[in-house]
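# Summary of the model geometry
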Amino acid sequence: MTYEQLVEAATFLKDKGFVKPEIGLVLGSGLGDLADEISNPIQVSYSDIPYFPSSTVKGHKGQLVYGELNGKIVIAMQGRFHFYEGYSIQEVTFPIRVMKELGVHSVGLTNAAGGVSFDFTPGDLMLITDHINFTGQNPLIGPNDEKEGPRFPDMSQTYDREYQAKIKEVAKRLNVDMKEGFYMGFSGPTYETPAEIKMARVLGADAVGMSTVPEAIVARHAGLRVFGISCITNLAAGMQSNLNHEEVVEVTQRVNQTFRNLLKEILKEI
Ligand code: HPA
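Right, let's walk through the structure included here. Just so you know, these numbers come straight off a predicted model, no measurement behind them.

### Overview of unusual backbone geometry
Each neighbour pair has its own omega, and for G188 with P189 the value is 0 degrees, a cis peptide bond. Inspection of the secondary structure puts P189 in the loop between strand 7 (179-185) and helix 4 (194-202). Of note, the phi angle at N40 is positive, near 45 degrees, even though the residue is not glycine. Along the polypeptide, N40 turns up in strand 2 (residues 39-45). Despite not being glycine, T212 has its phi angle at roughly 70 degrees, a positive value. Within the secondary structure layout, T212 lies in the loop between strand 8 (207-209) and helix 5 (213-221). Relative accessible area serves as the criterion here: at 0%, T212 is assigned to the buried category.

Encoded structure:
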């Protein structure tokens, strides 16, 4: 994906009314409903945006929603692109670049994830404090365009520390028992094997999933501030009897209201 393509996509959205957004939100599996609370929304289907791929996974709507949410101008991705869908890793992360070009200063990344930590139960929310890129991919491989970011980005503070502190405060205020930990990104689409989950735990992971890591990398490359929240939808492979996508969606729906309230309060604070 070239810089010119991203400018073209951003210009298209500006013409639709996407002006002066502050925060980008990527709403994961089953978590997209939050975008329905955006006031005076402008909705644009991914398939209409130049160079955007279109979303294929069940439980993903596939549109950008622009508007006001709790006093902030946001762009929400209702559904995201995953590497396992067959898109290039540059396509997967293209929307983050477009949001940056439109002017957001921060992005919030959300996802459904499997719990690796023995302290987690399905339905928990986990503040992502760091990640392990185990996808075998990196969206920054290839020529680097200095207009977009540095060749060797520092990943010492991928998930903004100040935001983490604020999010913990908000969770406390709302009485949400927010967990925290490291998210380990796999390519999918298979769920992990029990042996891989043992490995993940040894390597320090608290949760595993198939998204977020590439987006966080590109966001940091672009100089955006990042926060991440996982909805723990299941215990990871080997820790419960079996895994399926229906359960993942069901659990995200169960915690939907808590998740929405939390995210709206977070928006106020950042
Ligand atoms: N593994 C990977 N991705 C996931 C999981 C899991 O257990 N649950 C939800 N997304």
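### Thoughts on the site of the ligand
Near the ligand you find A112, A113, G114, Y191, E192, V208, G209, M210, T233, N234, L243 and V248, and these make up its full shell. In this structure, G114 approaches the ligand through a main-chain N or O atom, which is 3.4 Å from a nitrogen atom. Take E192: an N or O atom from its side chain is 2.8 Å from a nitrogen atom of the ligand. With three residues, the single largest contributor to the shell around the ligand is strand 5 (residues 106-115). Considering only residue class, the shell around the ligand consists of seven nonpolar, four polar and one charged.

### With respect to helix 2 (residues 89-102)
For helix 2, built from 14 residues, the straight-helix expectation of 20 Å at 1.5 Å per residue is met to within 8% by its first-to-last C-alpha distance of 21 Å. At P95, helix 2 is deflected by roughly 35 degrees, the largest bend along its length. The element helix 2 is largely enclosed, with a buried count of 10 among its 14 residues. Within helix 2 the residues assigned to the buried category are I89, V92, T93, F94, P95, I96, R97, V98, M99 and L102.

### A look at the packing of helix 1 (residues 3-15) against helix 2
Relative to each other, helix 1 and helix 2 sit at 60 degrees, their axes nearing to 9 Å. At the point where helix 1 passes helix 2, the crossing takes the right-handed sense. Judged by residue contacts, Y3, Q5, L6, V7, A9, A10, L13 and K14 of helix 1 engage F94, R97, V98, E101 and L102 from helix 2.

### Digging into the pattern of salt bridges
Here the structure, examined in full by the defined rule, presents 15 salt bridges. Linking K264 and E37 is a salt bridge whose minimum nitrogen-to-oxygen distance equals 2.5 Å. On the criterion of sequence distance, the pair formed by K264 in helix 6 (residues 245-269) and E37 in the loop between strand 1 (23-27) and strand 2 is long-range, its members being 227 residues apart. In this structure K264 comes out as buried when scored by relative accessible area, which is 18%. Here E37 falls in the partly exposed class, since its relative accessible area comes to 26%. Residue E180 is joined to K168 by a salt bridge in which the shortest nitrogen-to-oxygen separation is 3.0 Å. Taken together, the residues span a long stretch of sequence, with E180 in strand 7 and K168 in helix 3 (residues 161-173) at a distance of 12 residues.

### Brief notes about the environment of I217
With respect to the secondary-structure elements, I217 resides in helix 5. For I217 and D160, which are 57 residues apart along the polypeptide, the C-alpha to C-alpha distance reads 13 Å. Leaving out residues up to four positions away in the same chain, I217 has contacts with H131, N133, N138, P139, L140 and M155.

### Concerning the pairing of strand 1
The buried count for strand 1 comes to five of five residues, which makes it a mostly enclosed element. Here five bridges tie strand 1 to strand 4 (residues 72-78), and the two strands are oriented parallel to one another. Within strand 4, the position partnered with L25 by the bridge is A76. Here strand 1 runs beside strand 5; their pairing, made up of four bridges, is parallel. What sits directly across from G24, in strand 5, is V107.

Calculation notes
- Residues numbered from 1 in each chain as written.
- Predicted model: local features only at pLDDT ≥ 70, side-chain atom pairs only at ≥ 80, totals over all residues.
- Heavy atoms only, no water.
- Helix = DSSP H or I, 4+ residues; strand = E, 2+ residues; numbered from the N terminus.
- Buried < 20%, exposed > 50% of the residue type's maximum accessible area, 1.4 Å probe, protein only.
- Near = heavy atom within 4 Å.
- Polar contact = N/O pair within 3.5 Å; in protein donor to acceptor, adjacent residues only side chain to side chain.
- Nonpolar A, V, L, I, M, F, W, Y, C, P; charged D, E, K, R; others polar.
- Expected span 1.5 Å × (residues − 1).
- Bend = angle between axes of the 7 residues up to and from the residue.
- Axes fitted to C-alpha atoms, helices over the stretch in contact; angles between N-to-C directions.
- Left-handed = near helix turned anticlockwise from the far one by under 90°.
- Contact = heavy atoms within 4.5 Å.
- Salt bridge = Lys/Arg side-chain N within 4 Å of Asp/Glu carboxyl O.
- Pairing = 2+ DSSP bridges.

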